[in-house]
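Residue strings, one per chain:
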Amino acid sequence: GNFVPPIRSNGGNNGNMTTRVAGKSDDAVDDSTRRCLEMLCGPDGELPEKLRNLEPRLIEHVSNEIMDRDPNVRWDDIAGLEHAKKCVTEMVIWPLLRPDIFKGCRSPGRGLLLFGPPGTGKTMIGKAIAGEAKATFFYISASSLTSKWIGEGEKLVRALFGVASCRQPAVIFVDEIDSLLSQRKSEGEHESSRRLKTQFLIEMEGFDSGNEQILLIGATNRPQELDEAARRRLTKRLYIPLPSSEARAWIVRNLLEKDGLFKLSKEEIDTICNLTEGYSGSDMKNLVKDASMGPLREALKQGIEITKLRKEDMRPVTLEDFEKALQEVRPSVSMSELGTYDEWNKQFGSLS
Ligand code: ADP
């Protein structure tokens, strides 16, 4: 009952919050946008400097669509990748948790690149970092900036970094970062994408030199496309490879156990691992999904109606289900691509 809204309600015409946001009058800002702006106001009821002059709808888009309030991934959900987990803990999580210790010589890099084949857990790592460091997580796909936000990408980038700086500590995860920071094409690079890239680098420069607790994580399947400027800013570059045999076993066990469907013997799991050399984490997930349909399909074949089917009517998932699923779910990464990652890792990756 005692709540005083920091923004004047509709109709106020003498100096109010939203008139300072990209010159919009209060009437032009609807309730949901207003609520969103209210949440970003400081204790004085004013919008932080960085957010003034930005379009309210972009601030709202960042807050509602790009900001993930509950990334909900922990280290324990990620199979394997011990090297990456160790590096990330030292480089990112500790500094976010203890900024007082990590300054001066120990001041952390603000840019991290995760590269490797698709579906190997790069996004999961980004989310886990935010979860473990109790930071706000922002996820954006760079290709959406260049395709969906044509002409507005720069403004959205400003809004993104602006909201992140109000939500520190923050982790900004940029998927497919190569499409934003690719090597300058000698011809045909559009003016708008060049401006977008410049804006992005300016924003990165801004928080890199300041005391802000913002970490930028770029993810890419095509590290060789990144230019020198991008490599310079993404100081730590971690290879996220395909899962090892143990990691694949872990994924199978973990997914089936979650649903109470795990009844495979050690030998059967070993066989599945031998048959899935070259599968990514996401391929493994698809394989488990397909295999777990086996018992259901079989029960229905025996004439039980789907509406009458009880969980007890279904047998556990077997090795045969996996063997059938292997015909459907093929590995999505070709062996020839892997060589490129290895080479780039040797040249530019953080090996220890
Ligand atoms: P990337 O960002 O590397 O393309 P994601 O992190 O989006 O891949 O992974 C896609 C899905 O694949 C995840 O949601 C998860 O189910 C599964 N997955 C991939 N790698 C792993 C892993 N190392 N451990 C557990 N699950 C994984």
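Looking up the protein chain in an unreviewed UniProt entry gives the name AAA+ ATPase domain-containing protein, with the organism given as Manihot esculenta. Under the UniProt heading Sequence similarities (unreviewed entry), the entry covering the protein chain gives this text: "Belongs to the AAA ATPase family."

Caption draft 1: Seen up close, the overall build of the protein chain. Each helix and strand in the protein chain was counted, giving 14 helices and 6 strands. Out of the 352 residues belonging to the protein chain, those deemed buried represent 38%.

Caption draft 2: Layout of unusual backbone geometry. For the peptide bond that leads from Q168 to P169, omega is -10°, which places it in the cis range. Structurally, P169 can be placed in the loop between α6 (153-166) and β4 (170-175). With a phi close to 55°, L81 is a non-glycine residue in the positive phi region. Of note, L81 is situated in the loop between β1 (67-68) and α3 (82-97). Unlike most non-glycine residues, K134 shows phi in positive territory, near 55°. Tracing the backbone shows K134 in the loop between α4 (122-132) and β3 (136-141). K134 gets classed as exposed once you count the C-beta atoms within 10 Å, which come to 10.

Caption draft 3: Fine view of the site of the ligand. Around the ligand there are 18 residues in total, and G121, K122, T123, G281 and S282 lie nearest to it. Its residues assigned to classes, the shell around the ligand shows 9 nonpolar, 7 polar and 2 charged.

Caption draft 4: Broad picture of the packing of helix α9 (residues 245-258) against helix α10 (residues 266-275). Where α9 contacts α10, the axes come no closer than 9 Å and their chain directions differ by 120°. Considered as vectors, α9 and α10 are oriented oblique to each other. Here α9 and α10 pass one another in a crossing that is right-handed. Listed contacts from α10 to S245, R248, A249, V252 and R253 of α9 are I269, I272 and C273. Residue composition of the contact of α9 with α10, by class: 5 nonpolar, 1 polar and 2 charged.

Caption draft 5: Highlighting the sheet that holds β3. Strand order across the open sheet formed by 6 strands is β1-β3-β4-β5-β2-β6, with mixed pairing between neighbours. Taken across any chain shown, the strands that pair with only one partner, and hence form the sheet edges, are β1 and β6 (236-239). Inspection of the sheet shows β3 paired to β4 by 6 bridges, in the parallel sense. Bridge assignment links T136 to a residue of β4, and that residue is A170.

Rules used throughout
Residues numbered from 1 in each chain as written. Predicted model: local features only at pLDDT ≥ 70, side-chain atom pairs only at ≥ 80, totals over all residues. UniProt positions renumbered as here; feature names shortened; annotations may be inferred. Helix = DSSP H or I, 4+ residues; strand = E, 2+ residues; numbered from the N terminus. Buried ≥ 20, exposed ≤ 12 C-beta atoms within 10 Å, placed from the backbone. Near = placed C-beta within 6 Å. Nonpolar A, V, L, I, M, F, W, Y, C, P; charged D, E, K, R; others polar. Axes fitted to C-alpha atoms, helices over the stretch in contact; angles between N-to-C directions. Parallel < 35°, antiparallel > 145°, perpendicular 65-115°, else oblique. Left-handed = near helix turned anticlockwise from the far one by under 90°. Contact = placed C-beta atoms within 7 Å. Pairing = 2+ DSSP bridges.

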